[in-house]
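Observations on chain architecture
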Amino acid sequence: MRGTLTWLLGAALVAGCTPSRAQPQAEGAGQGPVIGGEAPPPASPVPPPVIPPGASPSVDAGRQSAGVVAAGGIGAPYNYGPAVMQDGDRVRMWWCSQYPAARPPGDDILHAESAGIAGPFTGPGGGPAQAVLSGNPGAFDGVHTCDPSVLKVDGVYYLYYTGAAGDHALGNSIGMATSPDGINWTRANGGNPILNPARDTARENTYGAGQPAVVFLDGWFYLMFTDTTGRAAGWNGAGQFIVRSKDPGFATGVEALGERGFEPVPNTQAPRTRSLVDAFSADLMWIEALESFGVAHETEDGTTVTFLDRNFSLRPYPPVLVPGPWKEGPGLLRQPDGHAPISVDDPCGRVPLDVVRATMIGEAGAPTHLKHFGIDLHGIDGCGDVNRMLTVLDGFAMPSPVRTMDLVAGGSVVRVDRRTVADRLAVRLLDQRIPGMERVPVAAHLATGVPAVQAPTGGVGLLLNDGKLWAVRPPGVAELNGSAVTPITDEQWNGYPAGLALG
């Protein structure tokens, strides 16, 4: 069945597909302290060393769950490969398991939710996790679907996953599905893979391409993945490659990371000429406060997070370790776009890093027991320049210089008269004003009693002093602000210049 590449240290890298048994499809790992084996060959350049003068983050606030935070229901023999998303006021997790009742027999992707990363994660009504994607008979993923990576962009959920038909001679490939809710999925690309093995090199490990991790940044979808057939992979197939496109399905405008940075390629099957880290089953996220990517991969003592700049050309900070036991790769707690969560207590100076990973080999001989581990990075200057400050503080409100509140929204500052209104619209109210905010002009003023309008579709918006209609998402904002609501038509609504959506 599908599988994980990291959980048997020292085992031969032999793919084994056994449809009748609960056993991952590919197994194996490397030797030495870095899981995945020896360093990539010289043909794969490594980013330059850490930039010396920059402040290096310190680590504190180590934490871990007392026990298992998520598991499949009765009959689920293993649990691993999680994707973890902070989606509004809930944390959602998708991971790889197998349910006897889900057809066809093989790996399934499960889903469950919790109030926080510490769990417990449960399915509908507090019951077991539910299977939300299973094999598609006759297709490339006819037997196995595993290794989810989930994004939410413009209200659409995107699921990237490893798929296998059961005949491992063909190797794994990566597929994509879309959903309005993260539960009901429709396969994209006609049910065909969006990324296949490059087949640059024949190796004993015939796993192929899989274990995707996707981030949305500046209009680009960045897809990191394993490909044991890639030219720049290690002797045992370990390595992490990246392609990007503004098309979530990677059918057009694909660029691959190579020796000279990102370059246009005909498709996602272009040669793999540069590996980021010598690892299997890694995760990726963009960290606003550090202005860098974080690649989470397993090493001897836990999950190592390696930092790479926007172009994947420099390592601006030393790596950090999230310690503790593991048996299979990590899932980073991320925002819906794949960015790092913002610290609600110290957004400019602290970054929480939380992972969920399998911690033991169960009776089925596969990874299970998903547990949570975390640390905080601190001593950083996440608001050192205006653009980064506005990104980090998006959704936060703080006192203004004139006894009102300033709300940061979408790169703009809205001055709000009433603290109760700012509280309803903000992720968090800060007691102190962030230094440097005086450099940011106020885009609009949300004064007490400004006109409010409501469209037939139910949308409510406020007409601010910039002449724009600013939609408000939370209910009751107009009432809190003392604003009379006037019904208008959809045509009238669309006729106003549009401000940003607040809340």
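Scroll up for the structure.
A quick note: this is a predicted structure, and the numbers were derived from the prediction, not measured. (Residues numbered from 1 in each chain as written. Predicted model: local features only at pLDDT ≥ 70, side-chain atom pairs only at ≥ 80, totals over all residues. Heavy atoms only, no water.)

**As for the overall build of the protein chain**
Of regular secondary structure, the protein chain possesses four helices and 30 strands. Pairs at least 24 apart in sequence give 60% of the contacts found in the protein chain among residues at least 6 apart. Carbon and sulfur atoms make up 53% of the accessible area of the protein chain, which totals about 19,300 Å². (Helix = DSSP H or I, 4+ residues; strand = E, 2+ residues; numbered from the N terminus. Contact = heavy atoms within 4.5 Å. Areas by Shrake-Rupley, 256 points an atom, 1.4 Å probe, with all protein chains shown as cover.)

**A look at the sheet that holds strand β9 (residues 186–187)**
Pairing is antiparallel across the open sheet formed by four strands, whose spatial order is β6-β7-β8-β9. Bordering the open sheet on either side are β6 (144–153) and β9, each of which pairs with just one other strand. Relative to β9, strand β8 (residues 173–179) runs antiparallel, the two sharing two bridges. Bridge pairing in β9 links Thr178 to Thr186. (Pairing = 2+ DSSP bridges.)

**Points about the state of the cysteines**
Inspection of the entire model under this criterion finds two disulfides. A sulfur-sulfur distance of 1.9 Å marks the disulfide that ties Cys96 to Cys146. Sign of the S-S torsion, about -120 degrees for the bond between Cys96 and Cys146, identifies this disulfide as left-handed. Taken together, the positions of Cys96 in strand β3 (residues 90–97) and Cys146 in strand β6 put the pair 50 residues apart, joining distant regions of the chain. Given a relative accessible area of 0%, Cys146 falls into the buried group. Shown here is the disulfide that connects Cys348 with Cys383, its sulfur atoms set 1.9 Å apart. Every disulfide takes its handedness from the sign of the S-S torsion; for Cys348 and Cys383 that torsion is -75 degrees, giving left-handed. Pair noted here: Cys348 is in the loop between β19 (331–334) and β20 (350–361) and Cys383 is in the loop between β21 (367–378) and α1 (386–392), with a separation of 35 residues, a long-range link. Numbered by order of appearance in the sequence, the disulfide-linked cysteines of the protein chain pair as 1-2, 3-4. (Disulfide = S-S within 2.5 Å. Buried < 20%, exposed > 50% of the residue type's maximum accessible area, 1.4 Å probe, protein only.)

**Thoughts on the packing of aromatic side chains**
Taken as a whole and assessed by the stated rule, the structure comprises 13 aromatic pairs. Ring geometry for Tyr78 and Tyr80: centres 5.6 Å apart, planes at 40 degrees, overall tilted. The residues Tyr78 and Tyr80 share a single accessibility class, namely buried. Each ring, one from Tyr222 and one from Phe262, has its centre 5.8 Å from the other, and the planes form 75 degrees; the classification is edge-to-face. With Tyr222 in strand β11 (residues 220–227) and Phe262 in strand β14 (residues 261–264), this pair connects stretches of sequence that are 40 residues apart. With respect to burial, Tyr222 and Phe262 carry one shared label: buried. For the cation-ring pair, Arg244 lies above Trp220, with the distance from its terminal atom to the ring centre recorded as 4.1 Å. Over the ring of Phe262 we find Arg244; its NZ or CZ atom is 4.2 Å from the centre of that ring. (Phe/Tyr/Trp six-rings, centres within 6.5 Å; stacked < 30°, edge-to-face > 60°. Lys NZ or Arg CZ within 6 Å of the ring centre and 35° of its normal.)

From the geometry alone we can't say anything about function, so treat these as descriptive.
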